[in-house]
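Inside the fold
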Amino acid sequence: MGNLFEHMGIERDRIHFSWISSAEATKFVDVVKEISDKVRALGPNKKLVKDYN
Amino acid sequence: MNTCINKIRELALELLDKKEVEKVIGFANGTIPLATSPIAITSKQDIEKLVFNSTCGLNLANYLRDQKGKIAVIAKGCDTRNIVTHIVENQIKRDQLFIIGVPCNGMIDQFKIAALFNDEIIEFSEDGDTLNIKSSLKEEKLYKKDYLRENCKVCMHKNPVIYDVLAMDLVEEQTLDNPYPDVDKIEAMDSDKKWQHFQDLTKNCIRCYACKNACPLCYCPTCFVDESSPQWVGKGQNKTDVNTFHYLRAFHCAGRCTDCGACVQACPMDINVRDFTRKLNKDSFEMFGWEAGLDITKRPPLDAYSPDDPDDFIK
Amino acid sequence: MKFITIDKKDWANGIGKSRKTYKLFGPVKDKNGFLIKSLEKDIMPEMDYPDSVMSAKSIIFPQTEKMLCTTLDESQEEHHIMKRVEMDNSPRAILGIRPYDAKAIQIVNLNFDTDDFRDPYWCDALNATTLIGLGINKPGPFDFSTSTGTGPFCEEGLDILMADLDDKYLAKILTDKGKAFMDVCEFEIKADEKESQALFDILRKEAEKNIKSHIDTDKLSEKTILELHDAPFWDDVAFSCINCGTCTFVCPTCWCFDIQDETKQKSSIRFRNWDTCMSSLFTRHATGHNPRATKTQRVRQRFMHKLKYFFDKYDQGIMCVGCGRCVKSCPVNIDIREVCNIMNTYKKQD
């Protein structure tokens, strides 16, 4: 799915997959931090966003 | 390919005569040049209606579901791959079918041919590798090879993969170093260019759904585009909705698409909807070594788990 | 009736002048053939075109059209009250529309503008539109318009009918709207009325002779609805159908639409989309029951509506203008000419 999105022109760093156990709080924090950093770097997504006007 | 029609008719006649099948599903001549139409033959008098030529580009696997009794079907390489997919996905049983396999030298691209003329084509005939095409302004003799559909140009399964009888000798398969040059071209673009490519691709889409309805893979009783609760995608001509439809349609074909090209042939607006599915075919091949519809004993990759499945995308 | 001669050298200039008053639409080449599109800035219509893939109906009846809108923000005074969306109904003109497409617009008008109901979206758009037709000197092979009561020089529904005379156009002004358009373009070289009409007649006859494709509709009225409805040929007609909406979307006379509501945050809109009787969703009830659940039923509905129900209800011929677009675009080549002839010649077996 990530590959298809990337192929369509949605930046790869907007899609993340991870497996985190409920016991892995630190991993969860790290992953979320990494995701938000990467998405912030990309800026707001304008693709596949519906505009009514 | 012109000569195999006699064999097809002979086989069809025999099957109907001996009551081995209830009907034979094949192609009949259309009412306009460059058109053929799927037909079900049930009586011997209609056998002459069966034709087979380079315009039989739709996929007859699409006509096999929900039929009663035993049926015979005329099937090209790609049609047989979709028959295999149907069998694997429990849409039809192998023993309900009598497959008349037709090794295929490719189908022609009617839009590419139409583009050579400034007016409408009024006559089309085919003689071996030569296509004779006439409009009221001019006449052209074309080499079939130059006007093949894009999917036929990169086809590596011209011969039926499953059949009960062949209508002609097997043809030589081509091997390609790179079967996906079109995907590579898009992959080389940056995100914005890719996005623009697909925006331009679908700009004329009228959402008639000919692409999905011509596709043998699309057999859900209610398609996601028709669901209203929840409504997965808006129904209007909003660009986001139009593209969402195309992305999701493509993704539902992941690991199942045989690249038969019926979707492109059916599209009245000449949209190369294969640009969506081809990427998934390439990924299936590279990640799982998988080409759809080659073996009735194998489950498709997204339907099965193997410890070898690639998982480097999970962090 | 007034005739005007337009030298082709003056054409672009006159059309340019009209842009101050009118938003223009016309045939332009696209990837898969011609489409009737908005003519932005300096784009000129390609008048000498083989028929467009889609008809001109979308200019008056867009595939997706906003109808009503409201806000869900309860702090606003008129929240949740649906109001008509403002539309751009400034004058527009369609250049080079095929005569049968104009006739088709008249047919659709029978449905949208009646004594009891008036569809404001359609009516207002149609009022704002001037239809400038071009007679078809060389009809294409799929054109069977002479047997549907239209033809290559049909005037019905048009405001101006032009004839292409190689180096000039001869324009027949049919309505006040047509005259207003000509005035704005400053096309004013008058042509002799009698001579021009004679020329139109010659061109019409010549063009009509070139139409080789015909259908017969003379016996449709003799048969009862049930006779045709219960006829045995429908399964064969429908076998190849994939139930896409191509035929109905390319058809200039198909008028069905579906209404949808969508909301985003606090704003809500109601809009309509072209619908197609080929889709099973078209008739599916909220209960899940579907009176036209099979593809044969749906295919039958399309032809029965066009060739029988409409015929009986309005007594104005069939609901088909003979453009041949559905014949050409159908992915499986289901041909309305064949089906019409099957229906016309059908005799119930006792």
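Residues numbered from 1 in each chain as written. Chains lettered and ligands numbered in written order. Predicted model: local features only at pLDDT ≥ 70, side-chain atom pairs only at ≥ 80, totals over all residues.

**Notes on the overall build of chain A**
Going by this rule: Labels follow the DSSP assignment, with helices taken as runs of H or I lasting at least four residues and strands as runs of E lasting at least two, numbered in each case from the N terminus. For the radius of gyration, the atoms used are the C-alpha atoms, and the globule rule reads 2.2 Å times the number of residues raised to 0.38.
For chain A, the helix and strand inventory stands at two helices and zero strands. By the compact-globule yardstick of 10 Å for 53 residues, chain A is too spread out, its C-alpha radius of gyration being 14 Å. Counting only C-alpha atoms and orienting by the principal axes, one finds that chain A spans roughly 45 × 20 × 20 Å.

**Things to note about the overall build of chain C**
The following threshold applies: Exposure classification rests on a simple neighbour count of other C-beta atoms within 10 Å of a residue's own: a residue reaching 20 or more is buried, one at 12 or fewer is exposed, and one in between is partly exposed. C-beta atoms are placed from the backbone. Our contact criterion uses C-beta atoms placed from the backbone: two residues qualify when those atoms are within 7 Å.
Tallying secondary structure elements over chain C gives eleven helices and twelve strands in all. For chain C, whose C-alpha radius of gyration is 22 Å, the value lies close to the compact-globule estimate of 20 Å for 350 residues. C-alpha atoms of chain C, sized along the principal axes, occupy 70 × 65 × 40 Å. Scored against the burial criterion, the 350 residues of chain C give a buried share of 43%. Summarising the internal contacts of chain C: among those between residues at least 6 apart in sequence, 72% fall at separations of at least 24.

**What to know about helix 2 (residues 77-88) of chain B**
Residue and element names in this part refer to chain B. Note the threshold: Expected helix span is taken as 1.5 Å per residue step, with the number of steps being one fewer than the number of residues.
Taking 1.5 Å per residue, twelve residues should reach 16 Å; helix 2 reaches 17 Å between its end C-alpha atoms and fits that length. On its buried side, helix 2 packs onto strand 4 (71-75) and strand 5 (97-101). Just past helix 2, the residue Asn90 takes up positive phi, approximately 60°.

**Brief notes about helix 9 (residues 295-314) of chain C**
Residue and element names in this part refer to chain C. Quick reminder of the rule: Throughout, bend refers to the angle between the axes fitted to the seven residues that end at a position and the seven residues that start at it.
Its 20 residues place the ends of helix 9 27 Å apart at the C-alpha level, agreeing with the 28 Å of an ideal helix rising 1.5 Å per residue. Of all the bends in helix 9, the greatest, near 55°, is centred on His305. Looking at helix 9, one finds that the buried residues are Arg298, Val299, Arg300, Arg302, Phe303, Lys306, Leu307, Lys308 and Phe310.

**With respect to unusual backbone geometry**
Most peptide bonds adopt trans geometry, and most residues besides glycine take a negative phi value. Residue and element names in this part refer to chain B. The linkage connecting Ser229 with the following residue, Pro230, adopts the cis geometry, with an omega of 5°. Mapped onto the elements of the fold, Pro230 is located in the loop between helix 7 (210-213) and helix 8 (239-252). At Tyr209, a residue that is not glycine, the phi angle is positive and equals roughly 65°. By secondary structure assignment, the location of Tyr209 is in the loop between helix 6 (191-201) and helix 7. Owing to 25 C-beta atoms within 10 Å, Tyr209 belongs among the buried residues under this scheme. At Asp259, a residue that is not glycine, the phi angle is positive and equals roughly 55°. Mapped onto the fold, Asp259 is located in the loop between helix 8 and helix 9 (262-266).

**Details of the domain arrangement of chain C**
Residues and elements named next belong to chain C. Selection criterion: All domain edges in this entry derive from an automatic or database-based domain assignment. Charged residues are taken to be Asp, Glu, Lys and Arg, nonpolar residues to be Ala, Val, Leu, Ile, Met, Phe, Trp, Tyr, Cys and Pro, and polar residues to be all remaining types, Gly included.
When its domains are assigned, chain C resolves into domain 1 (2-54 + 87-209) and domain 2 (220-262 + 274-345). Spacing between the C-alpha centres of domain 1 and domain 2 amounts to 28 Å. Per-class residue counts for the side of domain 1 that touches domain 2 are ten nonpolar, six polar and five charged.

**Structural notes on the sheet that holds strand 8 (residues 139-143) of chain B**
Whenever strands of a sheet pair, they do so through backbone hydrogen bonds, lying parallel or antiparallel. Residue and element names in this part refer to chain B. Convention followed: DSSP-based pairing: two strands are paired if at least 2 bridges between them are found. Axis definition: a line fitted to C-alpha atoms, over the contacting stretch in the case of helices. Angles run 0 to 180 degrees between N-to-C directions.
Spatially, three strands are ordered 6-7-8 in an open sheet, and the strand pairing comes out antiparallel. Bordering the open sheet on either side are strand 6 (121-127) and strand 8, each of which pairs with just one other strand. On average, adjacent strands in this sheet sit at an angle of 20° to one another, irrespective of strand direction. Pairing of strand 7 (residues 130-135) with strand 8 involves five bridges; the strand directions are antiparallel. Within the sheet, the bridge partner assigned to Lys134 lies in strand 8 and is Glu139.

**Details of the interface of chain B and chain C**
With 30 residues of chain B at the interface, the matching set in chain C holds 32 residues. Every element with two or more residues in the side of chain B that touches chain C is listed here: strand 2 (36-41), helix 7 and helix 9 of chain B. Counting residues per element, the side of chain B that touches chain C draws most heavily on strand 2 of chain B, at four residues. Each residue belonging to the side of chain B that touches chain C can be placed in one class, and the counts come to 16 nonpolar, nine polar and five charged.

**Comments concerning the interface of chain A and chain B**
Taken together, the contacts link 17 residues of chain A with 19 residues of chain B. The leading source of residues in the side of chain A that touches chain B is helix 1 (residues 2-8) of chain A, at five residues. Broken down by class, the residue content of the side of chain A that touches chain B amounts to eight nonpolar, six polar and three charged.

**Quick word on the pairing of strand 12 (residues 267-274) of chain C**
Residue and element names in this part refer to chain C. Note that strand 4 (residues 64-71) and strand 12 share seven bridges and pair antiparallel. When the sheet's bridge partners are listed, Cys69 is paired in strand 12 with Ile269. Sheet topology note: the strand 11 (residues 257-264)/strand 12 ladder contains eight bridges and is antiparallel. In the strand pairing of strand 12, Gln260 is matched with Phe271.

**Quick word on the environment of Cys220(B)**
Residue and element names in this part refer to chain B. Tracing the backbone through its elements, the reader meets Cys220 in the loop between helix 7 and helix 8. Of the residues examined, Cys220 has 11 C-beta atoms within 10 Å and is grouped as exposed. Between the C-alpha atom of Cys220 and that of Leu97, which follows or precedes it by 123 residues, the distance is 21 Å.

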